[in-house]
Amino acid sequence: MTTPLPLHTLGSTGPQVPPLGLGCMGMSALYGEADRAESIATIHAALDAGITLLDTGDFYGMGHNELLINEALRTAPAALREQALTSVKFGALRDAAGGWGGYDGRPAAVKNFAAYSLQRLGTDHIDIYRIARIDPDVPIEETVGAIAELVEAGHVRHIGLSEAGAESIRRAAAVAPISDLQIEYSLISRGIEEQILPTTRELGIGITAYGVLSRGLISGHFARDRELAPGDFRGMSPRFQGENLQRNLDLVEELRKISEQKGVSVAQIAIAWVLSRGEDIMPLVGARSRDRLTEALGALDVTLDADELAAIERAVPAGAAAGDRYPTAQMAHLDSEH
Ligand SMILES: NC(=O)c1ccc[n+]([C@@H]2O[C@H](COP(=O)([O-])OP(=O)(O)OC[C@H]3O[C@@H](n4cnc5c(N)ncnc54)[C@H](OP(=O)(O)O)[C@@H]3O)[C@@H](O)[C@H]2O)c1
């Protein structure tokens, strides 16, 4: 192992975490074919670099992602395996054709989801457990209360939230300590800044930020003519369609000018910008290969001074993105957007 990464507490009650986490979703779902051996090598390389937090969801490839993490942990050196932290989302209902059927946050369902996840992960506990989207038919107090019982029983260590709005965050935090809110946050998705971030900061809740590269859109690697596999999220995402895509890629070219001047990559600027927003915000990078992981890790060495931050904000002003961050039907499930 190289020099250890500095650790800090996620939120005021969460686990000790490094400045970046690894999001494993794209290794099983939503971004087209993934290479299993390379995915496992990427998880091993992340652990070796001190990126101990592995984020997943039981519905990413209907268990595929958890089984992949199980294999990666089983085949990792014991010292790395022992440091790994699992962050698991549950609650999404799927069908055999890959369809989505809403969310289930009933206490009995929470405990059922957790039992299956523990078995698939091959671990005796989950480090952070959270419902992916709040079930509108179940008060958040009941869902979080069920996770709190799992904490008491030793099956879960910390409780997280995902895409929750300010009011739900407060209600959840009144039931049990919440380590972090997982939510989209990037140069082109800044919706949390107005209400959600002040709330998490007031309550001592960390942010695990996803979509920091806007699913590759602002990575500097996304080409306008890229062919997307059937089922790729980006094939349906408003930000990747027609005129919107062109406008968003124009923003990337503005960022590229800054990154070239600084001698770093566009992805590194985008990740470093999120890192610059506060120690309470931990980017989850969706690297699926060791090359991409190495690039993402490079962002940890990028410091942005006040002039550079101002130049980045001029290149990509808040609200500059063209298109919503999810298709309309999926926007409806986002408590954070209501
Ligand atoms: N709570 C939620 O609702 C929610 C929603 C979505 C995701 N998540 C979690 O957050 C994690 C990250 O989210 P995301 O996938 O949207 O992340 P992202 O980091 O914004 O996007 C990942 C995509 O960026 C591309 N990329 C290009 N350069 C990269 C680099 N240097 N490092 C990493 N990726 C690079 C990758 O493309 P190639 O692989 O094609 O190169 C990959 O498809 C997910 O894995 C998941 O665990 C949570």
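Residues numbered from 1 in each chain as written. Predicted model: local features only at pLDDT ≥ 70, side-chain atom pairs only at ≥ 80, totals over all residues.

- Per an unreviewed UniProt entry, the recorded name for the protein is Aldo/keto reductase, and the organism is Streptomyces maoxianensis.

### Describing the nonpolar core
Generally speaking, soluble globular proteins have nonpolar side chains that are buried together.
Phase 1 of the analysis: If you look at the biggest cluster of nonpolar residues, it comprises 95 residues, and the most contacted ones within it are Leu22, Tyr129, Ala209, Ile218, Ala270, Ile271 and Ala296.
Phase 2 of the analysis: Counting residues per element, this core draws most heavily on helix α9 (residues 266-275), at nine residues.
Phase 3 of the analysis: Not counting residues within four places of it along the chain, the set of residues in contact with Ala296 comprises Leu20, Ala267, Ile271, Val285 and Ala287. (Core = buried A, V, L, I, M, F, W, Y, C linked by C-beta atoms within 7 Å. Buried ≥ 20, exposed ≤ 12 C-beta atoms within 10 Å, placed from the backbone. Helix = DSSP H or I, 4+ residues; strand = E, 2+ residues; numbered from the N terminus. Contact = placed C-beta atoms within 7 Å.)

### Points about the sheet that holds strand β12 (residues 281-285)
Phase 1 of the analysis: Pairing in this closed barrel of eight strands is parallel, and the strands run β3-β4-β5-β8-β9-β10-β11-β12 around the ring. Strand-to-strand twist across the sheet, computed as the mean angle between neighbouring axes with direction ignored, equals 30°.
Phase 2 of the analysis: Where helix α4 (residues 107-121) meets the sheet, it contacts β5 (85-90), β8 (126-131) and β9 (156-162), and its direction lies at approximately 140° from that of β5. (Pairing = 2+ DSSP bridges. Axes fitted to C-alpha atoms, helices over the stretch in contact; angles between N-to-C directions.)

### A word on the site of the ligand
Phase 1 of the analysis: Around the ligand sit 29 residues, and of these Gly23, Met25, Tyr210, Gly216 and Gly286 come closest.
Phase 2 of the analysis: In terms of residue count, helix α10 (residues 290-298) provides more of the shell around the ligand than any other element does, three residues in total.
Phase 3 of the analysis: Here the shell around the ligand is composed, by residue class, of twelve nonpolar, ten polar and seven charged. (Near = placed C-beta within 6 Å. Nonpolar A, V, L, I, M, F, W, Y, C, P; charged D, E, K, R; others polar.)

### Topic: the packing of α9 against α10
Phase 1 of the analysis: As a packed pair, α9 and α10 sit with axes 8 Å apart at the nearest point and diverge in direction by 50°. In this view, α9 runs oblique relative to α10, as classed from their interaxial angle. With respect to the hand of their crossing, α9 and α10 are arranged in right-handed fashion. Contacts from Ala267, Gln268 and Ile271 in α9 reach Glu295, Ala296 and Gly298 in α10.
Phase 2 of the analysis: Taken together, the residues of the contact of α9 with α10 break down into three nonpolar, two polar and one charged. (Parallel < 35°, antiparallel > 145°, perpendicular 65-115°, else oblique. Left-handed = near helix turned anticlockwise from the far one by under 90°.)

### A closer look at the pairing of β8
Phase 1 of the analysis: Among the six residues of β8, six are classified as buried, and the element is accordingly described as predominantly covered.
Phase 2 of the analysis: The sheet contact formed by β5 and β8 spans four bridges and is parallel. Directly across from Phe90, in β8, lies its bridge partner Ile131.
Phase 3 of the analysis: Judged from the three bridges that link them, β8 and β9 form a sheet pairing that is parallel.

### Describing the packing of helix α6 (residues 166-173) against helix α7 (residues 196-203)
Phase 1 of the analysis: Two numbers describe how α6 lies on α7: the axes approach to 9 Å, and their chain directions differ by 15°. The pairing of α6 with α7 is recorded here as roughly parallel in orientation. The two elements α6 and α7 cross, and the hand of that crossing is right-handed. Residues Ala166, Ile169, Arg170 and Ala173 of α6 form the contact with α7, whose own contacting residues are Ile196, Thr199, Thr200 and Leu203.

### A word on unusual backbone geometry
Trans is the common state for peptide bonds, and a negative phi is the common state for residues other than glycine.
Phase 1 of the analysis: Phi angles above zero are rare outside glycine, and Leu30 is one such case at about 75°.
Phase 2 of the analysis: For Ser214, which is not a glycine, the phi torsion comes out positive at approximately 50°.
Phase 3 of the analysis: Looking at the secondary structure, you find Ser214 in the loop between β11 (206-210) and α8 (242-262).
Phase 4 of the analysis: By C-beta crowding, Ser214 is classed as buried, having 25 other C-beta atoms within 10 Å.

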